[in-house]
Amino acid sequence: MTRFAGKFDPIQLRSGGVGTNAGAAADAVSVGDTFGSIRATSPKYDQIAADAMQTRSQEKQAAMQAEAAVTSAGIQAKASIKAADKAASAEKSAGMMGTIGSIAGAAIPLLSDESTKHTVDTIDDALDTLRNLRPVTFFYKEEYSASPERMHHGFIAQEFQKEMPDATYYDESIGKLCIDTTDLIGLLVRANQQLETRLTRLEAKQALAAV
């Protein structure tokens, strides 16, 4: 017994056992704290996923809005181009009609002084010439008139040219065949004179037949 007295101490063993349990408890607390700290500082994957879904939704909405804006801009651009073409066409038509109007206006104050003319002859038969003309009603096409809905009375230049070639001319400034309707004034006056003469003769003939 003396041999083991210095080596075996039940109290020391018990004391050591108590120390070992306390250390284990401390270790357990330390591990719990560590996991809690890790959990607190670790990424919140559910929040990240929710944020990602929201971001994708916002990006998709922004893309749809951008596409709608581009489509709208394209439609507006197309409408603007169409309006510009229409305005240009109207301007061109107005310019052309203005030119025609200027020509017609310039044709009114024709020189009539005898000193400006030569080879003056009386019109023999205006009725025959007028009889071959074809008066028509017509509407100008939109590109040639500011008022395409307005009906006009007149002639077709190509037909008019066959009967009155000297009163028909080609205007290079507008690239169209035109007529000088002032030439009709003399024909109309002469035709009226012819009809009056015929009527007078007919009345005289009837008066003699009644005697």
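You'll find the structure just up there.
Residues numbered from 1 in each chain as written. Predicted model: local features only at pLDDT ≥ 70, side-chain atom pairs only at ≥ 80, totals over all residues. Heavy atoms only, no water.

Draft legend 1. Representation of the overall build of the protein chain. Counting its regular elements, the protein chain contains 5 helices and 4 strands. Moving toward the C terminus, one meets the helices and strands of the protein chain in the order α-α-α-β-β-α-β-β-α. Intrachain contacts of the protein chain at a sequence separation of at least 6 include 47% that bridge at least 24 residues. In the form shown here, the protein chain has an accessible surface area of approximately 17200 Å², with 59% of it arising from carbon and sulfur atoms. (Helix = DSSP H or I, 4+ residues; strand = E, 2+ residues; numbered from the N terminus. Contact = heavy atoms within 4.5 Å. Areas by Shrake-Rupley, 256 points an atom, 1.4 Å probe, with all protein chains shown as cover.)

Draft legend 2. Expanded view of helix 5 (residues 183–210). In this model, helix 5 (28 residues) spans 42 Å end to end at C-alpha, consistent with the 40 Å of a helix rising 1.5 Å per residue. Check the buried side of helix 5 and you find it contacts helix 3 (126–132) and helix 4 (157–163). (Expected span 1.5 Å × (residues − 1).)

Draft legend 3. Quick look at the nonpolar core. Listed in full, the 9 residues of the largest apolar core are Ala126, Leu127, Leu133, Phe160, Met164, Ala167, Leu184, Leu187 and Ala191. Elements represented by at least two residues in this core include exactly helix 3 and helix 5. Setting aside residues no more than four positions away along its own chain, leucine 127 makes contact with Ala191, Gln194, Leu195 and Arg198. (Core = buried A, V, L, I, M, F, W, Y, C linked by side-chain atoms within 4.5 Å. Buried < 20%, exposed > 50% of the residue type's maximum accessible area, 1.4 Å probe, protein only.)

Draft legend 4. Region of the structure containing the pattern of salt bridges. The full count for this structure, using the stated rule, is 2 salt bridges. Between aspartate 128 and arginine 131 there is a salt bridge; the shortest N-O distance is 3.4 Å. Of this pair, aspartate 128 and arginine 131 are both found in helix 3, 3 residues apart, which corresponds to roughly one turn of the helix. For aspartate 128, a relative accessible area of 38% corresponds to the partly exposed category. Under the relative-accessibility criterion, arginine 131 is labelled exposed at 54%. Between arginine 134 and glutamate 159 there is a salt bridge, with the nearest N and O atoms lying 2.8 Å from each other. Residue arginine 134 is found in the loop between helix 3 and strand 1 (136–139), and its partner glutamate 159 is found in helix 4; the two are separated by 25 residues along the sequence. With a relative accessible area of 46%, arginine 134 lands in the partly exposed category. (Salt bridge = Lys/Arg side-chain N within 4 Å of Asp/Glu carboxyl O.)

Draft legend 5. Region of the structure containing the packing of aromatic side chains. Under the definition given, this model contains 2 aromatic pairs. Taken together, a centroid distance of 5.2 Å and an interplanar angle of 85° make the contact between phenylalanine 138 and tyrosine 140 edge-to-face. Here tyrosine 140 falls in the partly exposed class, since its relative accessible area comes to 32%. Taking the centre distance of 5.2 Å and the plane angle of 55° together, the rings of phenylalanine 155 and phenylalanine 160 count as tilted. Judged by relative accessible area, which is 23%, phenylalanine 155 ranks as partly exposed. (Phe/Tyr/Trp six-rings, centres within 6.5 Å; stacked < 30°, edge-to-face > 60°.)

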